[in-house]
Amino acid sequence: MAMAAAATRILMRRPTAIFLNASRLDYDKALDFSRLQKITDLTVNSVDAMTDADEIASLVNSSNAEIIITKETEVPLSAVQKFSSNVKLMCEAGTGYNNIPIDDARTKGILVCNIPTYSTESVAHMVITYVMNFSAAIFQQAKMLHEGNQSNFRVFQHPIYEISNKKIGLIGGSGTIGTAVADVALPLGMEVLISSRSGRLPKGHKYENNDRVKVVPLDELLASSDFVSINCPLNSETRHSIGDREIRLMKPTAFLINTARGAIINEAELINCMKEKVIAGAGLDTQEVEPPAADSDLWTLDNVFLTPHIGWRRLETRQRLVDMTTDNIESYIGGKTKNVIN
């Protein structure tokens with residue numbers, strides 16, 4: 001009885017929480033936060049991003065927050081250093097956490113957790129959306145019509161292809177999202193190449209013995225693929241790992257797709273390659289700076305196609321993110337933390 005009563009008291013505790021930039025996630029006011037509001041005393045700061053370290057620290061401390069929720073907004077070290085001792089948990093409402101100084105947070109006694117799998121299918125479908133659009137030149141045709149150019153209806157001017165038997169190369173393809181891309185690509189008749197330094201998939205991987213999935217060195221993947229999809233995390237090893245040398249290994253008819261993190265590509269070198277038309281096109285759902293600078297050539301290159309990091313933005317995906325963030329916080333309140341990354 002005593003243990004049950006103690007557990008009930010833990011679950012009934014409603015710590016103070018603040019969502020620093022809720023509008024990045026709930027930009028259309030379509031999401032349901034009721035479960036999160038039930039277990040926390042929640043402050044929702046309805047902005048898309050916060051950039052000033054002093055403002056972040058002031059808002060956190062004035063709210064007396066024990067839990068901070070962020071979505072892809074940088075929390076500078078100088079802000080973390082100013083957090084009161086009341087802050088115990090930071091929840092990144094997403095997968096990537098390079099926006100939070102996790103080691104310094106740990107030193108200050110703050111746990112950091114993330115949501116590693118909320119958008120797996122959504123991002124994988126974004127990759128395939130780009131593949132299908134490129135294979136039928138949909139982007140290029142839509143651009144012509146938008147500019148009032150209807151000549152394509154008289155003399156067709158774009159190469160278009162079936163995607164069956166085409167090769168899709170997945171950089172970081174043995175991970176969760178890369179595997180989900182393969183789940184869609186294989187039934188479409190595509191061949192899948194995965195880059196791996198070890199030369200093999202992890203033991204027990206679902207495609208370990210599939211004869212249409214091959215593990216190859218990165219250079220071979222780049223040279224052989226009709227579509228190259230970046231699906232690896234951003235870290236010190238992968239930052240700017242795709243640049244001039246790598247792009248020039250690709251077929252002139254190939255397309256580069258990035259739904260991971262923008263900084264994995266050396267953007268300046270990509271721009272130069274696209275000006276030279278080294279490859280057929282690039283589809284970038286993520287960019288090194290989001291949005292790119294107003295004077296960036298990415299906006300005007302006719303073989304580069306941008307989307308504003310929408311891989312995770314589908315309604316169901318965003319609601320799942322709210323629910324899984326709530327799961328993390330509920331576990332923390334119950335004394336059993338999950339998805340802790342520091």
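Every chain begins its residue count from 1, and numbering advances along the sequence as written. Given that this is a predicted model, residues contribute local features only at a pLDDT of at least 70 and side-chain atom pairs are listed and counted only at 80 or more, while totals for whole chains, interfaces and linings are drawn from all residues. To get the side-chain values, all heavy atoms of the structure are used, and hydrogens and water are removed first.

Attention now moves to the environment of Gln81. Every helix listed is a DSSP run of H or I at least four residues long, and every strand listed is a run of E at least two residues long, numbered separately from the N terminus. Within the element layout of this structure, Gln81 appears in helix α4 (residues 77–82). Remark: exposure states derive from per-residue accessible area (1.4 Å probe, protein chains only) relative to the maximum for the residue type, with buried under 20%, exposed over 50%, and partly exposed in between. The class of Gln81 is exposed, set by a relative accessible area of 52%.

Within helix α3 (residues 53–62), burial applies to Ala53, Ile56, Ala57 and Val60. One side of α3 carries all its buried residues, which in axial view fall inside an arc of 95 degrees. Packed against the buried residues of α3 are β1 (16–19), β3 (67–70) and α4. If you check the start of α3, you find a side-chain oxygen 3.1 Å away from the backbone N of Asp54, and it comes from Asp52. Downstream of α3 by one or two residues, Asn64 has phi in the positive range, about 60 degrees. In this description, the arc belongs to the directions extending from the helix axis to the C-beta atoms. Whether two residues are in contact is decided by their heavy atoms: any pair within 4.5 Å suffices. For this analysis, a polar contact is any N or O atom pair within 3.5 Å, provided that within protein one partner can donate a hydrogen and the other can accept it, and provided that sequence-adjacent residues contribute only side-chain to side-chain pairs.

Now for the pattern of salt bridges. By salt bridge we mean one thing: a side-chain nitrogen of Lys or Arg within 4 Å of a carboxyl oxygen of Asp or Glu. Applying the stated criterion across every chain, the model contains 18 salt bridges. Between Arg318 and Asp28 there is a salt bridge whose closest N-O contact spans 2.8 Å. Remark: Asp28 occurs in the loop between β1 and α2 (34–39) and Arg318 occurs in helix α12 (residues 315–333); sequence separation between them is 290 residues. In this structure, the salt-bridge partner of Lys251 is Asp226, at a minimum N-O distance of 3.0 Å. Highlighted residues: Lys251 in the loop between α10 (244–249) and β10 (255–258) and Asp226 in the loop between α9 (218–224) and β9 (227–230), separated in sequence by 25 residues. Residues joined in a network through salt bridges with shared partners are Arg24, Asp48, Lys71 and Glu72.

In this section: the nonpolar core. Ranked by size, the top nonpolar core spans 29 residues in total, and within it Ile171, Ile230, Ile242, Leu256 and Leu270 carry the most contacts. Broken down by secondary-structure element, the contributors of at least two residues to this core are α9, β9, α11 (267–275) and β11 (281–284). No other element matches the four residues that α11 contributes to this core. Other than its neighbours up to four places away in sequence, Ile171 contacts Ser195, Leu218, Leu221, Leu222, Val228, Ser229, Ile230, Asn231, Cys232 and Ile242. Nonpolar core, defined: a set of buried Ala, Val, Leu, Ile, Met, Phe, Trp, Tyr and Cys residues in which side-chain atoms within 4.5 Å join the residues together. Counting 25 residues, the second largest nonpolar core, distinct from the first, contains Val127, Phe134, Ile163 and Phe227.

Helix α8 (residues 176–185) packs onto helix α6 (residues 120–135) with a crossing angle of 55 degrees between their chain directions and a minimal axis gap of 8 Å. Judged on the interaxial angle alone, α8 and α6 are oblique. Between α6 and α8 lies a crossing whose hand is right-handed. Contacts between α6 and α8 involve Thr120, Val123, Ala124, His125, Val127 and Ile128 from the first element and Thr176, Ile177, Ala180, Val181, Val184 and Ala185 from the second. Axes, fitted as lines to C-alpha atoms, cover a helix only where it is in contact. Angles between the N-to-C directions of the axes lie from 0 to 180 degrees. Each angle is binned into one of four classes, with values under 35 degrees roughly parallel, values over 145 roughly antiparallel, values of 65 to 115 roughly perpendicular, and all other values oblique. Each crossing is labelled by how the near helix is turned from the far one, with a counterclockwise turn of less than a right angle marking it left-handed and a clockwise turn marking it right-handed.

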